[in-house]
Amino acid sequence: MTIETKVRKIIAEKIPGIDIEDVVPQASLIEDLGADSLTVVELIMSMEEVFEIEIDDDQAEKLSTVQDIYDFISSKS
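Residues numbered from 1 in each chain as written. Predicted model: local features only at pLDDT ≥ 70, side-chain atom pairs only at ≥ 80, totals over all residues. Heavy atoms only, no water.

S.K.: Provide a residue-level description of the packing of helix α1 (residues 3-14) against helix α4 (residues 66-76), including the pertinent values.
M.R.: Between α1 and α4, whose axes approach to 10 Å, the crossing angle comes to 130°. Classified by the angle their axes make, α1 and α4 are oblique. Seen along the crossing, α1 lies across α4 with a hand that is right-handed. Of the residues in α4, those touching α1 at Ile3, Glu4, Val7, Arg8 and Ile11 are Val66, Ile69, Tyr70, Ile73 and Ser74. Its residues placed into classes, the contact of α1 with α4 shows 7 nonpolar, 1 polar and 2 charged. (Axes fitted to C-alpha atoms, helices over the stretch in contact; angles between N-to-C directions. Helix = DSSP H or I, 4+ residues; strand = E, 2+ residues; numbered from the N terminus. Parallel < 35°, antiparallel > 145°, perpendicular 65-115°, else oblique. Left-handed = near helix turned anticlockwise from the far one by under 90°. Contact = heavy atoms within 4.5 Å. Nonpolar A, V, L, I, M, F, W, Y, C, P; charged D, E, K, R; others polar.)

S.K.: Tell me about a negative patch on the surface, residues and numbers included.
M.R.: A grouping of Glu54, Asp56, Asp57, Asp58 and Glu61 is seen on the molecular surface, where their side chains present a negatively charged patch. Among the structural elements, Asp58 can be located in helix α3 (residues 57-61). (Patch = residues over 30% accessible without salt bridge, like charges linked within 9 Å, V, L, I, M, F, W, Y side chains within 5 Å. Areas by Shrake-Rupley, 256 points an atom, 1.4 Å probe, with all protein chains shown as cover. Salt bridge = Lys/Arg side-chain N within 4 Å of Asp/Glu carboxyl O. Lys, Arg positive; Asp, Glu negative; His and termini not counted. Charge placed at Lys NZ, Arg CZ, Asp CG, Glu CD.)

S.K.: Could you give an account of the environment of Arg8, with specific residues and numbers?
M.R.: Summarising the element assignment, Arg8 is placed in helix α1. Residue classification places Arg8 among the partly exposed positions, given a relative accessible area of 26%. In sequence terms Arg8 and Ile18 are 10 residues apart; their C-alpha atoms lie 10 Å from each other. Each residue touching Arg8, except ones within four places of it in the same chain, is listed here: Ile20, Glu21, Val23 and Tyr70. (Buried < 20%, exposed > 50% of the residue type's maximum accessible area, 1.4 Å probe, protein only.)

S.K.: Requested: an account of the packing of α1 against helix α2 (residues 37-51), with residues and values cited.
M.R.: Between α1 and α2, whose axes approach to 10 Å, the crossing angle comes to 145°. Once α1 is placed against α2, the crossing between them reads as right-handed. On α2, the residues that touch Ile3, Lys6, Val7, Ile10, Ile11 and Lys14 of α1 are Thr39, Leu43, Ser46, Met47, Val50 and Phe51. Classifying every residue of the contact of α1 with α2 gives 8 nonpolar, 2 polar and 2 charged.

Laid out in structure tokens, this is it:
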């Protein structure tokens, strides 16, 4: 499974009412997908667990779109 597929699956599972088809690279987690701040924290924690990486608070603040998450995880792999 690719990074993109894993990320899309995690986002679709964590944000209520979102289908995996809605999770496109340009989608903003908050504006487009409707995530609140708690959901974003849960997403970050899930990404850390699944990809076995550390995402500090400064880095997490910069992850506003699905593409940002892809790029960040790719850079850590």
